[in-house]
Amino acid sequence: MSSASPVIGVLALQGDVREHLAALRAAGAEARPVRRPEELAEAGGLVVPGGESTTIAKLAAAFGLLEPLRARVRAGMPAYGSCAGMILLADKILDGGDGQETVGGIDMTVRRNAFGRQNESFEAAVDVAGVGGGPVEGVFIRAPWVESTGAGVEVLAEHAGHPVAVRQGALLATSFHPELTGDHRLHALFVEMARGGAAGHR
Amino acid sequence: MSSTPTSTPATPETGTARVKRGMAEQLKGGVIMDVVTPEQAKIAEDAGAVAVMALERVPADIRKDGGVARMSDPDMIEGIIGAVSIPVMAKSRIGHFVEAQVLQALGVDYIDESEVLTPADEVNHSDKFAFTTPFVCGATNLGEALRRIAEGAAMIRSKGEAGTGNVVEAVRHLRQIRSEIGRLRALDHNELYAAAKDLRAPYELVKEVADLGKLPVVLFSAGGVATPADAALMRQLGAEGVFVGSGIFKSGDPATRAAAIVKATTFYDDPKIIAEVSRGLGEAMVGINCDTLPETERYANRGW
């Protein structure tokens, strides 16, 4: 089913869901909020938004979404996580809350709040491999960075010597928040990945 | 006024409108809880709070004790920052920009210039553009919200009537803000100048609200939320998230109530889930009927 407009869910337990829905629609996808297992089942791809990663993980566990999320990601569902979403897609995390769980999927270790507290939050231009047309607008808010990656993970961008955008197969993650800018090129990249994923799992 | 963030700087830049307002966007759909000790902060984090508000006394106790309410002890704020990994907010008095400078120096993630504390200036609020740390401010109506945004606030909350456990004032303020936004939407563009004069707010912000159909910053509810249904009510009325003050740690079983309010805030439009999480919560805070409060004890009247 190589649908012209894949249905992409945005995990809507907490965070900047509306901005991701708008960015996905601007990039040509049909986008819907996902809060329940049956809504996840209808999505061909998923965005895990920015937000508070400990809150999102707790709500996902409490409402029976964590295991279905892990199963879908293992089965090859395309997924993109920004900031908190990057943490949730990481196999391992550092500086998490007590016993903080993740969905996992990307063979990487992510350090939570690595760029510091809110006073250190910043904007900077970021060159992302595979995204043409010049650097993207990087908005980093209490942002994580990628501490280390496994062999299958491609680092797409770095800031201050730390990976801040990565891809592994159908999974994409950024430390920063393209959804807070008018620049939808990363969402367009993900929608393209989701189209490829829908065409047949490699 | 940097109300519409534009292009990205070549060298990293902190304290921009986009990172200040963007921080509040990350809190949406969540619950921010008042805490007075590191232990309470841990309970809040474990219950799923998106942030905590570090305070010396919750508003219910500020009401009971009387006297001048000020910024909290830096030791107490640092203790809470050290205890949790989620964002920590703290309150300064209205117009007390030195308390705000201290809170910024302590590394808090958001400053609440709050009417719950005793105002330090009866004419001016703090210039919030002068800070790297973003500010949230209370409002009872649209004009007040826009005046705070014009001063640099990156997030707005209803004032409600803090420390009463009574949601009636938060409902009034949220309905007021939402209906005034609706009225602006219906105006002809020629009428927006007069509307700005009536609202006592800058024309550019009035125009932006008329175009967007919402505030240019995140809008939360605060003041009087005591139950999961209260939190869901505020969200159904258009609040993008909820502050809970005395309602959690003045109740019989704070951990359970806190987790229930978090769940009801996410599933605010699903009465079955709200019913489920509302069972077995123990005693809610007793609360105060706002119409028995003397004018001088109404915190919502503070701020201008």
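Residues numbered from 1 in each chain as written. Chains lettered and ligands numbered in written order. Predicted model: local features only at pLDDT ≥ 70, side-chain atom pairs only at ≥ 80, totals over all residues. Heavy atoms only, no water.

Draft legend 1. Structural context of the UniProt feature "domain: PdxS/SNZ N-terminal" (unreviewed entry) in chain B. If you check UniProt for "domain: PdxS/SNZ N-terminal" (unreviewed entry), the listed places come out as residues 17–222 of chain B in our numbering. Helix makes up 46% of residues 17–222 of chain B and strand 16%. Its end C-alpha atoms lie 23 Å apart. (UniProt positions renumbered as here; feature names shortened; annotations may be inferred. Helix = DSSP H or I, 4+ residues; strand = E, 2+ residues; numbered from the N terminus.)

Draft legend 2. Structural context of the UniProt feature "active site" (unreviewed entry) in chain A. Per the UniProt record, "active site" (unreviewed entry) is annotated on Cys83(A), His177(A) and Glu179(A). Spanning 97 residues, the annotated positions come together in the fold, the maximum distance between their C-alpha atoms being 10.7 Å. In this structure, Cys83(A) sits in the loop between β4 (79–82) and α5 (84–88). For Cys83(A), a relative accessible area of 6% gives the class buried. Leaving out residues up to four positions away in the same chain, Cys83(A) has contacts with Gly50(A), Ile141(A), Ala143(A), Pro144(A), Thr174(A), Ser175(A), Phe176(A) and His177(A). Along the chain, Glu179(A) turns up in the loop between β12 (171–174) and α6 (185–199). Discounting chain neighbours no more than four positions away, the residues touching Glu179(A) are Asp16(A), Glu19(A), His20(A), Gly50(A), Ser82(A), His187(A) and Gln26(B). Engagement of the side chain of Glu179(A) in a polar contact is seen with the side chain of His20(A), the distance being 3.3 Å. (Buried < 20%, exposed > 50% of the residue type's maximum accessible area, 1.4 Å probe, protein only. Contact = heavy atoms within 4.5 Å. Polar contact = N/O pair within 3.5 Å; in protein donor to acceptor, adjacent residues only side chain to side chain.)

Draft legend 3. Region of interest: the UniProt feature "active site" (unreviewed entry) in chain B. Residue and element names in this part refer to chain B. When the UniProt feature table is mapped to this numbering, "active site" (unreviewed entry) covers Lys91. Its place among the elements puts Lys91 in strand β4 (residues 88–93). With relative accessibility at 8%, the residue Lys91 sits in the buried group. For Lys91, the contacting residues outside a window of four places in its chain are Met53, Ala54, Leu55, Met71, Leu103, Asp112, Ser114 and Leu117. At a separation of 2.9 Å, a polar atom in the side chain of Lys91 contacts the side chain of Asp112.

Draft legend 4. The arrangement of helix α5 (residues 97–106) of chain B in detail. Residue and element names in this part refer to chain B. For α5, every residue scored as buried is listed here: Glu99, Ala100, Leu103 and Leu106. Viewed along the axis of α5, the buried residues span an arc of 120°, placing them on a single side of the element. Elements in contact with the buried residues of α5: α4 (74–83), β4, β5 (110–114) and β6 (135–139). Just past α5, the residue Gly107 takes up positive phi, approximately 90°. (Arc of directions from axis to C-beta.)

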